[in-house]
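# Coordinates in review
Spelled out, the chains give:
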Amino acid sequence: MKIQRVTVTPIAFRDPPLLNASGIHEPYALRSIIEIESDNGYIGLGESYGDAPALAIQQQLQAQLIGLDPFNLNQLRAIVQATVAANGTRSIAGAELAPGSHASKAVSNAYSAFEVAFLDLQAHALNLPLVDLLGGAVRDEIPFSAYLFFKYAQHIDSPYKPDSWGEALDAEQIVGQARRMIETYGFKSIKLKAGALDPEHEVACIKALKEAFPGYPLRIDPNANWSLETAVRMAELLGDDLQYYEDPTPGLENMAELHRRTGLQLATNMVVTDFDEFRRSVALNSVQIVLADHHYWGGLRDTLALAKMCQTFGLGVSMHSNSHLGISLMAMAHVAAAVPNLDYACDTHYPWQEPDEEVVKGGKLPIVDGCVKITRAPGLGLELDHDQLGKLHDQYLSCGIRQRDDVQQMRRYQPQWQTVKPRF
Ligand code: GKR
Ligand code: MG
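For every chain, the first residue of its written sequence is number 1, and the numbers climb from 1 along that sequence. Note on labels: chains are lettered from A, ligands numbered from 1, in written order. Since the coordinates come from a predicted model, pLDDT governs what is reported: local features require at least 70, and pairs of side-chain atoms require 80 or more to be given and counted, while whole-chain, interface and lining totals use all residues. Note: side-chain values were computed over all heavy atoms of the structure, leaving out hydrogens and water.

## Some points on the overall build of the protein chain
So the rule is basically this: Numbering of helices and strands runs from the N terminus, with a helix taken as a DSSP run of H or I at least four residues long and a strand as a DSSP run of E at least two residues long. Buried means the residue's accessible area, taken with a 1.4 Å probe over protein chains only, is under 20% of the maximum for its type, while exposed means over 50%, and partly exposed covers the values in between. By the convention used here, residues are in contact when the closest approach between their heavy atoms is within 4.5 Å. Here Asp and Glu are counted as negative and Lys and Arg as positive; His is not counted, and neither are the chain ends. Where a charge lies is defined by one atom per residue type: Lys uses NZ, Arg uses CZ, Asp uses CG and Glu uses CD.
Regarding its fold elements, the protein chain presents 13 helices and 12 strands. Reported as C-alpha extents along the three principal axes, the dimensions of the protein chain are approximately 60 × 50 × 45 Å. Looking at the protein chain as a whole, 60% of its 424 residues qualify as buried. Of all intrachain contacts in the protein chain linking residues separated by at least 6 positions in sequence, the fraction that spans at least 24 positions is 75%. Seen as two clouds, the 36 positive and the 51 negative side-chain charges of the protein chain have centres 2 Å apart.

Structure below.
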């Protein structure tokens, strides 16, 4: 079996005005959709970062993959490494909240983008679900958490009508957002994206969530926007309210010190983002839970390797997300299905994407009782809707955004906005 067609299509979809440590989401989020076809007619799908640097590498790789055996993942990796090396690396300002766009992750994110499509193609050819190529499913229902954001009601100079979620800035609005997420999707745990407003206010919102949803595991994620002292102070206020404390403060050393001082379980998608950081984190005991993300950890098989390392060193494992569509969700679900030590519900931004903006046939994938179910259908079990793909590609062409920039977007609201880390 040989690869005879590779298509990389950048798309843009509507994204709500969600607040975070850097600033605010732009009106459109970018992704790339990858289609690989074999000479015997099978198709494999992938979804990855659509930001300009990531996209440029994916597009450079397209032609080089023609003629390759889709089972030869080592050759794929070698081609990706050689292509990235030939390009040199550029450091990208402000990419820390979209780690896949960071220059240091160029190989792992480009490899991952195609690895998922290669595995999907392999699984189609073998008439097996993709998870069977990852060792088989230890579960077929993968739990996700309700991922809450502070948000404005609409984007400044919005190019489209406001989303249906409305403003969420105070505790009552955040509880309302959680209630709608839980009623619609059945989530059993809650994560609050923090680092955007005053820390005491964000902690008060956690308290309100605790009161409104007794027994629900809670997490707060300020994306390293709190100093060590602020993180310690907030830990005192939080007491034992949290299931885990996600990236409150920057750096492996600060996280280690915070754990020493508070004893709280710390999780991260910021200080452990590759195997070298993993090694340093273990030496310092910086984090107790690693949030994996196959998009920048080097694909589904490297995510399994990460999970194994977590098990070896007694760390918990779960999953991080960025704004994404259904191919990514299903890839996350298949790898999560194969991780025996998946200890926590995974993150997903999926509820924030609009129902008319999915690129897979059948529209948005269901999340029921807080879980995504994987089936015995071949591969990821998905097919592309080419009309939808074309529509979202046109939107990419017309939206003008080529690289996520939450800082610049925030300057449209507050012209003096600076990148200060930590801000609080
Ligand atoms: O979408 O604003 C966002 C998040 O802050 C995202 O960029 C983070 O990468 O969800 C992520 C996280 O858990 O840190
Ligand atoms: Mg995080």
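## A look at the nonpolar core
Under the convention used in this document: Remark: nonpolar core denotes a set of buried residues (Ala, Val, Leu, Ile, Met, Phe, Trp, Tyr, Cys) joined through side-chain atoms within 4.5 Å. Domain boundaries shown here were taken from an automatic or database domain assignment.
One finds Phe 114, Leu 209 and Tyr 245 to be the most contacted residues of the largest nonpolar core, which totals 134 residues. Broken down by element, this core gets its largest block of residues, 11 residues, from helix 3 (residues 106-126). Looking at this core, you find at least three residues from each of domain 1 (3-132 + 385-397) and domain 2 (135-373). Setting aside anything within four residues of it in sequence, one finds Tyr 245 in contact with Ile 220, Trp 226, Ala 231, Met 234, Ala 235, Leu 238, Leu 258, Leu 264, Gln 265, Leu 266 and Ala 267. With five residues, the next largest nonpolar core counts Tyr 244, Ile 289, Leu 291 and Tyr 344 among its residues.

## Looking at helix 3
Defined as follows: An expected span of 1.5 Å times one less than the residue number is assigned to each helix.
Across its 21 residues, helix 3 extends 30 Å between first and last C-alpha, which sits within 8% of the 30 Å expected from 1.5 Å per residue. Most of helix 3 sits out of view: 18 of its 21 residues are buried. Just beyond helix 3, the residue with positive phi is Asn 127, at close to 60°.

## Some details on the domain arrangement of the protein chain
Test applied: Using a 1.4 Å probe, buried area is obtained as the accessible area two parts lose upon being combined, added over both of them.
Examined at the domain level, the protein chain breaks down into domain 1 (3-132 + 385-397) and domain 2 (135-373). Each of domain 1 and domain 2 has a C-alpha centre, and these two points are 23 Å apart. With 48 residues of domain 1 in contact, the opposing surface of domain 2 contributes 57 residues. Carbon and sulfur atoms make up 60% of the surface buried where domain 1 meets domain 2, a total of about 4200 Å² over both sides.

## Re the pairing of strand 1 (residues 3-14)
In plain terms, the rule: A pair of strands counts as paired when DSSP detects no fewer than two bridges linking them.
Across the 12 residues of strand 1, nine count as buried, placing the element largely inside the fold. With 11 bridges joining them, strand 1 and strand 2 (residues 28-38) adopt antiparallel strand pairing. Among the inter-strand pairings, Val 6 is bridged to a residue of strand 2, identified as Ile 36.

## A short note on unusual backbone geometry
Cis geometry marks the peptide bond from Lys 421 to Pro 422, where omega comes out at -5°. The backbone phi angle of Asp 369 is positive, close to 55°, even though this residue is not glycine. Within the secondary structure layout, Asp 369 lies in the loop between helix 11 (326-337) and strand 12 (371-373). The exposure class assigned to Asp 369 is exposed, which follows from its relative accessible area of 53%.

## Some remarks on the pattern of salt bridges
Threshold: Put simply, a salt bridge is a Lys or Arg side-chain nitrogen that is within 4 Å of an Asp or Glu carboxyl oxygen.
Summed over the entire model, instances satisfying the criterion amount to 28 salt bridges. We note a salt bridge from Arg 279 to Asp 276, for which the minimum N-O separation is 2.6 Å. Residue Arg 279 and its partner Asp 276 are located together in helix 8 (residues 275-284), separated by three residues, close to a single helical turn. Exposure remark for Asp 276: the relative accessible area of 37% places this residue in the partly exposed category. The salt bridge partner of Glu 383 is Lys 361, with a shortest N-O separation of 3.1 Å. Pair noted here: Glu 383 is in the loop between strand 12 and helix 12 (386-399) and Lys 361 is in the loop between helix 11 and strand 12, with a separation of 22 residues, a long-range link.

## Considering the packing of helix 5 (residues 199-212) against helix 6 (residues 228-238)
The condition that has to hold: With axes taken as lines fitted to C-alpha atoms, and helix axes fitted only over the stretch in contact, angles between N-to-C directions fall between 0 and 180 degrees. An angle below 35 degrees is read as roughly parallel, one above 145 as roughly antiparallel, one from 65 to 115 as roughly perpendicular, and any other as oblique. The crossing is said to be left-handed when, going from far helix to near helix, the turn is anticlockwise and less than a right angle, and right-handed when the turn is clockwise.
It is the contact of helix 5 with helix 6, at a shortest axis distance of 10 Å, that shows an interaxial angle of 25°. In terms of orientation, helix 5 lies roughly parallel with respect to helix 6. Note that helix 5 runs across helix 6; the crossing there is right-handed. Residues Pro 199, Glu 200, Val 203, Ile 206 and Lys 207 of helix 5 lie in contact with helix 6, whose contacting residues are Thr 230, Arg 233, Met 234, Leu 237 and Leu 238.

## Looking at the sheet that holds strand 1
On the basis of which strands lie adjacent, the open sheet formed by three strands has the order 1-2-3 and antiparallel pairing. The outermost strands of the open sheet, each flanked by one partner alone, are strand 1 and strand 3 (43-49). Pairwise comparison of adjacent strand axes, ignoring direction, gives a mean angle of 20° for this sheet. In the sheet, strand 2 pairs with strand 3 via seven bridges, with the strands oriented antiparallel. Opposite Ser 32, over in strand 3, you have Ser 48 as the bridge partner. Those strands touched by helix 3 are strand 1, strand 2 and strand 3, and its axis lies near 160° from that of strand 3. This element, helix 12, spans strand 1 and strand 2 of the sheet and lies at about 60° to strand 1.

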